[in-house]
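Letter by letter, the chains look like this.
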Amino acid sequence: MTGERGGPVVLGIETSCDETGVGIVRGQTLLANVIASSMDEHARYGGVVPEVAARAHLEAMNPTLQAALDEAGIGLDEIDAIAVTSGPGLSGALMVGVGAAKALSVATGKPLYAVNHLVGHVGADVLAADSLEYPTIALLVSGGHTSLLLVRDLVGDVELLGETIDDAAGEAFDKVARVLGLPYPGGPQIDRVAVGGDPKAIHFPRGLMHAKDAEKHRYDFSFSGLKTAVARWVERAGDAGDEIPVADVAASFREAVVDVLLTKAFRACADHGIPRLLLGGGVVANARVREVAAERAAAQGVTLRIPPLSLCTDNGAMIAALGAQLITAGHRPSGLGFGADSTLPVTEIQVDERPF
Amino acid sequence: MFLAIDTSAGTSVAVVEGELVLSERSTEDTMRHAEVIGDMISGALDDAGVPASGIDAVVAGMGPGPFTGLRVGIAAARAFAWGIGVPVIPVVSHDAVALEEWAAGTRGDLLVVTDARRREVYWSSYGLDDRMPARTDGPGLCKPDELPYPEFLRVDATQVSAGDLGRAARMHLDLGIPEEFTEALYLRSPDVTMPGARKRVSQ
Ligand SMILES: [Zn+2]
């Protein structure tokens, strides 16, 4: 199965949320990473609408497949295998990718690997020049998920340490942006208006950070209370007739999110004696997340890895990269019977691997 | 040689050569389109003894049908066609039902009705003469008691046969009738609620 040079050529298809992603890798080398996003269509609704996302996937799928081949400069006959996201994600959206990938596999005779989206985020890092050492802690944060993983082996042993028990961190950004009268998506907007704001101006609550949470929710996140606290603060200021100090509110809210995310991530590094932390997901675009992560990593002696943003947001290249790693490790293809699993656990790195 | 795929109701996949249905695999299960689609395509090709490279076009049932399942078949049809470099022929799924009636000898006006869930139905009307079944109106969406053409012979279909879909595509091609709809026939807007004025969190 190994291509002539540098590992198997794998085409990866990703449709778990609002990005239609098709990527192509040769082993650990990125050949193409094409993304069609329906984000603009969701903007007027203030968040991702699953049916709108799924419809957009169907329209974008074939053009994105073709664009990826063009970008890689190869023919479909040069592909060794196909990988597709089976879950977790929005089920109607996932099904578009699953249906397309299965048909493409039968049409071309190429083996198919059904893989886990979250583990794919970790897999993106193998495409970087100096890729990850294991074990590592991985913090994956986006509009759809907020998960803290312990990755002992990318293709064999991934453990979920914690995740959000209510909103994803990205959602909290969207909701607070709305409170401040800012458009969707909220992350870049909060970043923009936080410039010059004092992150210590207002102390917003940090969810699940009390001593009593240290056991049961040691690595879990909660952003619902924070979001409500910001809304309440803004309303109170408005009721009192005060001008809302938008920069301070945004900076203080962002600081609370960043603080919780990174405190728990570095706590996981310390608890497990693992001096490596990988960040992934769209929230990595947030400048303050990167800044504070770098400071704390230096202070704690942790090696911090942040793949390029185009590989952090949802994309097909990370799915292809994980597929290539599975193949290289000797995994057999998935059967054709798997489905879209919106709650696929991270322990299922590959779905429906065929028996020997 | 056509590969035909329809997921507007259950899942149905067929290999059709001219008038002949060489193989057809179908299930009425309306909850497992994504799970079964791959094995059914592969199985239909095996049953017909036709390799993927022997397919000249892929016929896609464009609905109307419930969104989530409908998309699986269209995505599969398009990806299969792209994978072997052949065109997609998009066919209204109800055309397959009308063709089945026509082939069984029915002539005159026909109303094809399928379940749209949420207490609504999809419909299309046809005129069946000796030459062919021709769609005259629709597809449309309405409440069952608001169906048009009450005087027409009504067929309530619970399954769409990919074999008949492929044969309908062949007939349209032979008679020079262009396919009218190239995009999925959802006939419903996505369920979205526009954000209204933000509600206060404090009293
Ligand atoms: Zn993601």
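Because the structure is a prediction, the values reported are computed rather than measured.

The rules we used
Residues numbered from 1 in each chain as written. Chains lettered and ligands numbered in written order. Predicted model: local features only at pLDDT ≥ 70, side-chain atom pairs only at ≥ 80, totals over all residues. Heavy atoms only, no water. Helix = DSSP H or I, 4+ residues; strand = E, 2+ residues; numbered from the N terminus. Buried < 20%, exposed > 50% of the residue type's maximum accessible area, 1.4 Å probe, protein only. Core = buried A, V, L, I, M, F, W, Y, C linked by side-chain atoms within 4.5 Å. Contact = heavy atoms within 4.5 Å. Pairing = 2+ DSSP bridges. Buried area = accessible area lost by both parts, 1.4 Å probe. Salt bridge = Lys/Arg side-chain N within 4 Å of Asp/Glu carboxyl O. Polar contact = N/O pair within 3.5 Å; in protein donor to acceptor, adjacent residues only side chain to side chain. Nonpolar A, V, L, I, M, F, W, Y, C, P; charged D, E, K, R; others polar. Axes fitted to C-alpha atoms, helices over the stretch in contact; angles between N-to-C directions. UniProt positions renumbered as here; feature names shortened; annotations may be inferred.

> Tell me about the overall build of chain B, and name the residues and values.
For chain B, the helix and strand inventory stands at four helices and nine strands. Each helix and strand of chain B, placed in order from N terminus to C terminus, yields the pattern β-β-β-α-β-α-β-α-β-β-β-β-α. With the principal axes as the frame, chain B shows a C-alpha extent of 70 × 45 × 30 Å. Across the 203 residues in chain B, those meeting the buried criterion constitute 56%.

> Could you give an account of the nonpolar core, naming the residues involved and the relevant values?
With 94 residues, the main nonpolar core has Leu11 and Ile24 of chain A together with Leu3, Ile5, Ile41, Val58 and Phe80 of chain B as its most contacted residues. The greatest single-element share of this core, amounting to 11 residues, is contributed by helix H2 (residues 67–84) of chain B. Ile41 of chain B has contacts with Ala103 and Val106 of chain A together with Leu3, Ile5, Val13, Ala76 and Phe80 of chain B, leaving out every residue within four places of it along the chain. Listed in part, the 52 residues of the second largest apolar core include Leu139, Tyr219, Ala250 and Val292 of chain A.

> Quick rundown of the pairing of strand S8 (residues 157–163) of chain A? Include the residues and the values.
Residue and element names in this part refer to chain A. In this structure, strand S7 (residues 146–153) lies alongside S8, joined through six bridges in antiparallel fashion. Bridged to Leu148 within S8 is Gly162. Remark: three residues form the turn of the hairpin made by S7 and S8, two consecutive strands paired antiparallel.

> How would you summarise the interface of chain A and chain B if you had to cite specific residues and measurements?
At the junction of the two partners, chain A supplies 37 residues and chain B supplies 39 residues. Taken together, both faces of the contact between chain A and chain B bury some 3300 Å²; the carbon and sulfur share is 64%. When the area that chain A buries against chain B is broken down by residue, the three leading residues are Arg55, Leu58 and Glu235 of chain A, summing to 20%. On the surface where chain A and chain B come into contact, there are two salt bridges. The partner of Glu59 of chain A in a salt bridge is Arg78 of chain B, and the shortest N-O contact between them spans 3.7 Å. Counting every contact that joins chain A to chain B gives seven residue pairs in polar contact (both at pLDDT 80 or more). Of all elements in the fold, only helix H2 (50–72), helix H3 (91–108), helix H5 (169–179) and helix H8 (224–239) of chain A reach the threshold of two or more residues within the side of chain A that touches chain B. Sorting elements by how many residues they give to the side of chain A that touches chain B places H3 of chain A first, with 12 residues. Along the lines of polarity and charge, the residues of the side of chain A that touches chain B split into 20 nonpolar, eight polar and nine charged.

> Mind laying out the sheet that holds strand S1 (residues 9–14) of chain A, listing which residues take part and the relevant values?
Residues and elements named next belong to chain A. Pairing is mixed in the open sheet, where six strands are placed in the order S3-S2-S1-S4-S5-S11. In this open sheet, the two edge strands, each paired with only one partner strand, are strand S3 (29–37) and strand S11 (350–351). In terms of strand pairing, strand S2 (residues 19–26) meets S3 through eight bridges, oriented antiparallel. Counterpart to Ile24 in the pairing with S3 is Ala32. Sheet contacts for H2: S1, S2 and S3; angle to S2, the most-contacted strand, approximately 25 degrees. Here H3 sits on the sheet and contacts S1, strand S4 (81–87) and strand S5 (112–116); the angle it forms with S4, its principal contact strand, is near 155 degrees.

> Kindly report on the UniProt feature "binding site: substrate" (unreviewed entry) in chain A, identifying the contributing residues and their values.
All names here are of chain A. UniProt records the feature "binding site: substrate" (unreviewed entry) for Leu140, Val141, Ser142, Gly143, Gly144, Asp174, Gly187, Asp191 and Asn286 in the present numbering. Within the secondary structure, Gly143 sits in the loop between strand S6 (136–141) and S7. In this structure, Gly143 is in contact with Ala168, Gly170 and Glu171, ignoring residues within four places of it in sequence. By the secondary structure assignment, Asp174 is in helix H5. Relative accessible area serves as the criterion here: at 16%, Asp174 is assigned to the buried category. Excluding anything up to four places from it in sequence, Asp174 contacts Tyr184, Pro185, Gly186 and Gly187.

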